[in-house]
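Below, each chain spelled out in residue letters.
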Amino acid sequence: MSTAVGIKVEEHFHNAEQQRETAKLGMWVFLLTELLLFSGLFVSALVIRVLHPDSVTAVALHLKFWIGATNTAILIVSSFCMSGAIESSRLGLRRPMIFCMLATAGLGVLFLMLKGYEYDRDYVEHMTPFLSFRRYELVGDPASRLFTDLYFVITGLHAIHLTIGIGIMLVMSWLASRPHFLERHQNRIEITGLYWHFIDLIWMIVFPTLYLLNR
Amino acid sequence: MNPSDAALRDLRVPAPVLAVPDDYLHVEQTLGSWILTTDHKRIGILYLVSITGFFVLGAIAAGLIRLALIVPDGSILSNDVYNRVFTLHGVIMVWFFLVPSIPNTLGNFLLPLMIGAKDVAFPRLNLLSWYIFVIASLFTVFVMIWGGVDTGWTFYTPLSTQYSNSYVLTAVFGIIVVGFSSILTGMNFMVTVHKLRAPGMTWFRLPLFVWSLYATSLILVLATPVLTIALILLFADRAFGLAIFDPANGGDPVLFQHLFWFYSHPVVYVMVLPGMGVMSELVTAFSYKKIFGYKFIAFSSVGIAVIGFFVWGHHMFYNGMSPFAGLTFSLMSFIVAVPSAIKVYNWAATIHKGSIRLDTPMLYALGWIGLFVIGGVTGLMLASTAIDGQVHDTYFVVAHFHYIMVGATVVAFMGGIHFWWPKITGRKYSEPWGRVSALLMFIGFNMTFAPQYVLGYMGMPRRYAVYPPAYQVLNVLSSAGATVLALAYIFPMIYLIWSLWYGEEAGDNPWGAKGLEWLTTSPPPKHNFEHTPMVDFDPYDYPNVTPEK
Amino acid sequence: MAGEIDTIFALWCVVLFLLVAPVFVFMTWCVIKYRAGRDVDRTHREARNTAVELSWTIIPLLISLVFFFWAGGIYLDQQSAPPDAMVITAIGRQWMWKFQHPGGQWEINDLHVPVGQSIRINIQSQDVIHSLYIPALRIQQEAVPGRTTMLWFKADRVGAYRLFCSELCGVDHALMAGTLYVMSPADYQNWLRQSGASQTLVAGGKRLFDSYGCSGCHVNSDTVRAPPLAGLLGSTVPLRDGGTVVADDAYIRDSILQPGKRVVAGYKPVMPSFEGAVSQADLGELVAYIKSLGQENERMP
Ligand code: HEA
Ligand code: HEA
Ligand code: CUA
Ligand SMILES: [Cu+2]
């Protein structure tokens, strides 16, 4: 039941090929800026690590390694699903494509749920230095608060990106479930895919910097 | 021009609209057609209007600064108010005026025209970028005027995170949001240059203005997110006690400086590169000659953009950084000056054996070279570590960056506006007034900022509302200069607006300049060209003979 | 050191002038000679010349590198104080400098040092970033909270010079300034002794300031608004009745004994009179203490 695949050429482009490439390049450039956004945080994490190695290790030991690892696996699988969706969209297979996209979004939600659980554990363990009404009880020295704070900023920012990604995924699945979508806007699926892969990639950097490197 | 037109002009009434023209200004006239437009030319105009507004605000703040500094005892503005005023001035001028000035007005207008495209790659994002810009900037300026922020535009921690009793949070929030507008524009321009060039428009046939915009966009895309994250951390620090920059809790205030300058040094090249691009266009057009060393100029833009990322530490020589790091940043700063030097020498060589016309834009261009070179070489002095120990955070620095930001970028902006005014509006402005203003600008500018070099070397610190009386004479001179400078800004605002109704019809190519934008009509039609142009000529292919006047 | 920086600065100016002046002269000449409409020889126009390009890329760079190394040398020198230097601690806080001498004497905003002796200043900050800047010595160094930074110098001429805080540190950043007094070693010893003596007075005054309850109102009070006393001495105080008065010893004495007589503009006359409550000796110590709280607006030589 494959449908025709293509894109509607907008006024200021010569042809579909040009429009497709333009959109793709645009997304790449955007992702570049995103990468730099996170890199500022990674550098900060690194600086803190160099300045206070002991406190950082102490905090890192308290991070829930297995939750992080499971989440890594979840995101890898979700990336495969997304690739499946893109492949199907190219072949014009609407049903499988939407199925893959929903699976991707579902895995994203699963990630967030696990992350939420992890935050909850952190809260219970008094690992929330930025909450003024709650005692911070992890390690005595102030530098450990820093790294914990940074952990929240980094994972939080990633979670925001992921939430946006899930939102886009759901909207796209809804749009794509309507007839003729693939005939006109197939490249939007590809663009969405790029963004999703990127969020996964960021997590692949976050996980080692926070959980692994400091054990 | 036909005779009836001339006659009507003499009667000082607007030229009649005989047939309704269908250029981009006239296709639709409703308000909605402006604020919902996706036409890059109209968006350029929207930007022009909004940044002019912000410039006026920033200039009023500058006026207040100069007014207050006439007396040494700070009796005109209290310390607190003074701090708020220069912070307002710096923030407006940097983020709401200079960064978007040339790229978002002239760049938006000209980039697609120059490469023979119908629009930028993502017209809707372009409009979105304007909305983000205007809303966030208005919000920030509102906060800064009604509440006030007193940390300087540099927002150094821990003053900004813990000690300042001013509206840092809201202002920082606004600046973060404005950053997204920069990112969108940068991204849009990069993709446009890559993918939307007309057939035959190879990279080395691009006008140098496009090269400089490309380099600018590269910086915007790579540097802005770092500012975003630095400010997000600052925000979280102040709002939630995150302590990343708080030394009492193991944080490091200097880390903020690194993140800030990692953005803010490259961003000074965002401010000057487009100006350099404009320069290349002006110098060739008014020398009526091919540019000297096209590739060197093109690559020097990219070179500045890339090397510019490795010199940020020169703002921090004396904050306790390791001497090794200090020397490295110093060396890199010397190296980043080389591409600028290449450009200056190349323009000089371009003029040689040209056929030079001293119209208003060219006057601005010549003034540009003088001021930029002075600003640039004093930058080199600042980059010489030991000298910076004397003049860091003094008026020497203030003079340095005004020479480049005002003397170079604003002057280039004025030159560019005058040069492309006929294309943008289809009208000519008054040439004598133009020349007078250009001259006034040059004189007023030097009067204002040259004394500041001396003040700086004598040791007057910047951001001082109260200063020792020994420095008063030069300060008064500087304030007097600012008055002259103010005239040089006010005149063009008047005669340019006047020309919209009463100016002479310009014709498609009043300067006899080369470049695709001059091949279409003035003002250009909605989609820029009747037919997509085929490019089979080099840029600046001015003929080898002297044109007859 | 000041001399050497002036030299390098001046030479740099000259060299840069030599590098850019030809550009200006050349351009002016071109503009005149090749004005449109003038009939001059415009043949042999070039648009490219790699040799020329390379020469004006490399030559200025090489020349300027001389200054990189020269300035860098001084910079390195500035970062390593000689081991025999006398150590003074400077503490910056909003908005004053406190200098501590090796013998325990301290002073606010002003700094007295002996001539001809290497002085190393260890700089700290209690709150935000400040920067200790002494233009006459051509040096400055930031005070960063959480670390100790350092600058050193050897003053070679007796005199009084300005010192500033050059890093924006909040409202009264511009007032965080004082004077560096370079004295002959003998004068310096004298000064040390005197300030040691006056500091016992001052220290006594500080105790009294607390015990009489002055600090309850004049230091960080939430309930009573009283004027801050730092920098009072010598300043011009606006009064409620519209006049002004220059705060001297007598004024401070009066303010303590009969506060209602001259009320500072903008404050309520709530300060109780201490007439009879304070002995003459105590009064002297109190006044000494208030005077020690920073002395601003001093005439510069
Ligand atoms: C448009 C903005 C702009 C531009 C283009 C520049 C360009 C340069 N700047 Fe500037 N700078 C600022 C804006 C800018 N700057 C601002 C805003 C600040 C202050 C920020 C703050 O604290 O608030 C600042 C501060 C600043 C400092 C820190 C001073 C301090 O706080 O102590 C330094 C130190 O190295 C510096 C150096 C330079 C150098 C080496 C260049 C070079 O790129 C200049 C290159 C140009 C030339 C050299 C001229 C052309 C050359 C020739 C004609 C040939 C002769 C040349 C050679 C011998 C090589 N700048
Ligand atoms: C694009 C950037 C830009 C531009 C165009 C300008 C333009 C001007 N600037 Fe600005 N300036 C900065 C960027 C810029 N500045 C930055 C980034 C800082 C650092 C801020 C910080 O430290 O955080 C700074 C700081 C700064 C200072 C130092 C303040 C201090 O450290 O204490 C001074 C002092 O003279 C100054 C003056 C001027 C003047 C006279 C102009 C003139 O060109 C403006 C000409 C206009 C006028 C002269 C006013 C016109 C007058 C009216 C329309 C009404 C008249 C009103 C009255 C007189 C009340 N600027
Ligand atoms: Cu302390 Cu400025
Ligand atoms: Cu810089």
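Quick caveat, the model's predicted, so the values are computed rather than measured. (Residues numbered from 1 in each chain as written. Chains lettered and ligands numbered in written order. Predicted model: local features only at pLDDT ≥ 70, side-chain atom pairs only at ≥ 80, totals over all residues. Heavy atoms only, no water.)

Take the overall build of chain B next. Check the secondary structure of chain B and you find 16 helices and zero strands. The C-alpha radius of gyration computed for chain B amounts to 23 Å, which stays within 12% of the reference 24 Å derived for 549 residues, consistent with globular compactness. For chain B, the spread of C-alpha atoms along the principal axes amounts to about 75 × 45 × 45 Å. Looking at the 549 residues of chain B, the share that counts as buried comes to 67%. The long-range share in chain B, meaning contacts at least 24 apart out of those at least 6 apart in sequence, stands at 83%. Looking at charge distribution, chain B has the averaged site of its 27 positive side-chain charges lying 5 Å from that of its 27 negative ones. (Helix = DSSP H or I, 4+ residues; strand = E, 2+ residues; numbered from the N terminus. Rg over C-alpha atoms; globule rule 2.2 N^0.38 Å. Buried < 20%, exposed > 50% of the residue type's maximum accessible area, 1.4 Å probe, protein only. Contact = heavy atoms within 4.5 Å. Lys, Arg positive; Asp, Glu negative; His and termini not counted. Charge placed at Lys NZ, Arg CZ, Asp CG, Glu CD.)

Moving on, we come to the coordination of the copper ion (ligand 4). Residues and elements named next belong to chain B. At the metal site, the copper ion (ligand 4) is ligated by His265 (ND1), His314 (NE2) and His315 (NE2), and these contacts range over 1.8 to 2.1 Å. Written as a sequence motif, the donor arrangement for the copper ion (ligand 4) is H-x48-H-H. A spacing of 4.4 Å is found between the copper ion (ligand 4) and the iron atom of ligand 1. Taken as a pair, His265 in helix α9 (residues 253-287) and His314 in the loop between α10 (294-307) and α11 (323-351) lie far apart in primary sequence, 49 residues in all. In this structure His265 comes out as buried when scored by relative accessible area, which is 4%. (Donors = N, O, S within 2.8 Å, 3.2 Å for Na, K, Ca; no water.)

On to the site of ligand 2, then. All names here are of chain B. Taken together, 32 residues form the shell around ligand 2, and within it Arg66, Tyr82, His89, His402 and Arg463 come nearest. In this structure, His89 approaches ligand 2 through a side-chain N or O atom, which is 2.8 Å from a nitrogen atom. The separation between a nitrogen atom of ligand 2 and a polar side-chain atom of His402 is 2.8 Å. Contributions of two or more residues to the shell around ligand 2 are made by α3 (40-68), α4 (79-115), α14 (395-425), α15 (431-458) and α16 (472-502). Its residues assigned to classes, the shell around ligand 2 shows 22 nonpolar, seven polar and three charged. (Near = heavy atom within 4 Å. Polar contact = N/O pair within 3.5 Å; in protein donor to acceptor, adjacent residues only side chain to side chain. Nonpolar A, V, L, I, M, F, W, Y, C, P; charged D, E, K, R; others polar.)

Here we take up the coordination of the iron atom of ligand 2. Residue and element names in this part refer to chain B. In this structure, His89 (NE2) and His402 (NE2) serve as the protein donors to the iron atom of ligand 2, at separations of 2.0 Å. Every donor counted, the six donor atoms about the iron atom of ligand 2 form angles of 87 to 179 degrees at the centre, which fits octahedral coordination. One end of the pair, His89, is in helix α4; the other, His402, is in helix α14, and 313 residues separate them in sequence. Of the two residues, His89 and His402, both sit in the buried class. (Tetrahedral: all angles 85-135°; square planar, octahedral: opposite > 155°, others 65-115°.)

The interface of chain B with chain A comprises 35 residues on the first partner and 32 residues on the second. The closest approach of N and O atoms between Lys195(B) and Glu21(A), which form a salt bridge, is 3.0 Å. Run the count over chain B and chain A and you get two residue pairs in polar contact (both at pLDDT 80 or more). Taken together, the elements giving at least two residues each to the side of chain B that touches chain A come down to α5 (123-146), α7 (168-195), α8 (208-240) and α9 of chain B. Considering every element that reaches the side of chain B that touches chain A, the biggest residue donor is α8(B), with eight residues. (Salt bridge = Lys/Arg side-chain N within 4 Å of Asp/Glu carboxyl O.)

Moving on, we get to the side chain of Thr520(B). Residues and elements named next belong to chain B. Within the secondary structure, Thr520 sits in the segment after α16. Judged by its relative accessible area of 5%, Thr520 is buried. A polar contact is formed between the side chain of Thr520 and the backbone oxygen of Asn528, at a distance of 2.6 Å. Once you skip the residues sitting within four places of it in the chain, Thr520 turns out to touch Leu113, Lys423, Asp508, Pro525, Asn528 and Phe529.

Taken together, the contacts link 88 residues of chain B with 76 residues of chain C. With both sides pooled, the region where chain B packs onto chain C buries about 7,100 Å², and carbon together with sulfur makes up 66% of that total. Three residues, Tyr318(B), Tyr345(B) and Lys353(B), lead the burial of chain B against chain C; their summed loss comes to 11% of the area buried on that side. Here chain B and chain C share one salt bridge between them. With a closest N to O distance of 3.3 Å, Arg147(C) and Asp252(B) form a salt bridge. With 15 residues, the top contributor of residues to the side of chain B that touches chain C is α11(B). (Buried area = accessible area lost by both parts, 1.4 Å probe.)

Neighbouring ligand 1 are 33 residues, the closest being Tyr269(B), Asp388(B), His392(B), His400(B) and Arg462(B). Neighbouring residues of ligand 1 are not confined to one chain but are distributed across chains B and C. In this structure, His314(B) approaches ligand 1 through a side-chain N or O atom, which is 3.3 Å from an oxygen atom. In the model, a nitrogen atom of ligand 1 is placed 2.9 Å from a nitrogen or oxygen of the His400(B) side chain. Of all the elements in the fold, those that place two or more residues in the shell around ligand 1 are α9, α11, α12 (360-383) and α14 of chain B together with α1 (2-33) of chain C. Here the residues of the shell around ligand 1 sort into 23 nonpolar, eight polar and two charged.

Attention shifts here to the sheet that holds strand β5 (residues 118-125) of chain C. Hydrogen bonds between backbone atoms are what pair the strands of a sheet, whose relative direction is either parallel or antiparallel. All names here are of chain C. Read across the sheet, five strands follow the order β3-β2-β1-β5-β8 without closing on themselves; strand pairing throughout is mixed. Across the chains shown, the open sheet's two edge strands, defined by having one partner strand only, are β3 (106-108) and β8 (149-154). Across the sheet, the axes of successive neighbouring strands diverge by a mean angle of 25 degrees, strand direction being ignored. Direction of pairing for strand β1 (residues 86-93) relative to strand β2 (residues 96-100): antiparallel, over a ladder of five bridges. (Pairing = 2+ DSSP bridges. Axes fitted to C-alpha atoms, helices over the stretch in contact; angles between N-to-C directions.)

With that settled, consider the packing of α3(B) against α14(B). All names here are of chain B. At their nearest, the axes of α3 and α14 sit 14 Å apart, and the two run at 145 degrees to each other. In terms of crossing hand, the pair formed by α3 and α14 is left-handed. Within the contact between the two elements, α3 uses Ile45, Leu48, Ile51 and Arg66 and α14 uses Tyr395, Phe413, Ile417 and Ile424. Of the residues belonging to the contact of α3 with α14, the class tally is seven nonpolar, no polar and one charged. (Left-handed = near helix turned anticlockwise from the far one by under 90°.)

Further remarks concern the environment of His180(A). Residue and element names in this part refer to chain A. Structurally, His180 is set in the loop between α5 (142-176) and α6 (181-212). Note on His180: relative accessible area 47%, which makes it partly exposed. Spatially, the C-alpha atom of His180 lies 21 Å from that of Gln18, the residues being 162 residues apart in sequence.

Time to look at the packing of aromatic side chains. Under the criterion given, the structure shown has 68 aromatic pairs over all chains. Considering the side-chain rings of Trp433(B) and Phe491(B), the 5.2 Å spacing of their centres and the 75 degrees angle between planes classify their relative orientation as edge-to-face. In this pair, Trp433(B) sits in helix α15 while Phe491(B) sits in helix α16, placing the two residues 58 residues apart along the sequence. Ring pairs connect the aromatic residues Phe65(A), Trp66(A), Phe111(A), Tyr119(A), Tyr151(A), Phe152(A), Trp203(A), Phe207(A) and Tyr211(A), which therefore count as one cluster. In this structure, Arg42(B) packs its charged tip against the face of Trp34(B), placed 4.1 Å from the ring centre. The aromatic ring of Tyr471(B) is capped on one face by Arg162(C), whose charged end is 5.5 Å from the ring centroid. (Phe/Tyr/Trp six-rings, centres within 6.5 Å; stacked < 30°, edge-to-face > 60°. Lys NZ or Arg CZ within 6 Å of the ring centre and 35° of its normal.)

Once that is clear, we can look at α14(B). In an α-helix, one full turn covers 3.6 residues, which means residues spaced three or four apart are oriented alike. Residues and elements named next belong to chain B. Along α14, the sharpest kink reaches roughly 45 degrees, centred on Phe419 and followed within four residues by the proline Pro422. When you tally the buried positions in α14, you get 30 out of 31 residues, the bulk of the element. Where α14 ends, the next residue or the one after it, Gly426, has phi of about 80 degrees, a positive value. (Bend = angle between axes of the 7 residues up to and from the residue.)

Let us now look at the arrangement of the chains. Of all two pairs of chains that touch, the greatest number of contacts is found between chains B and C. Regarding chain A and chain C, the two do not touch, and the least distance separating their C-alpha atoms is 12 Å.

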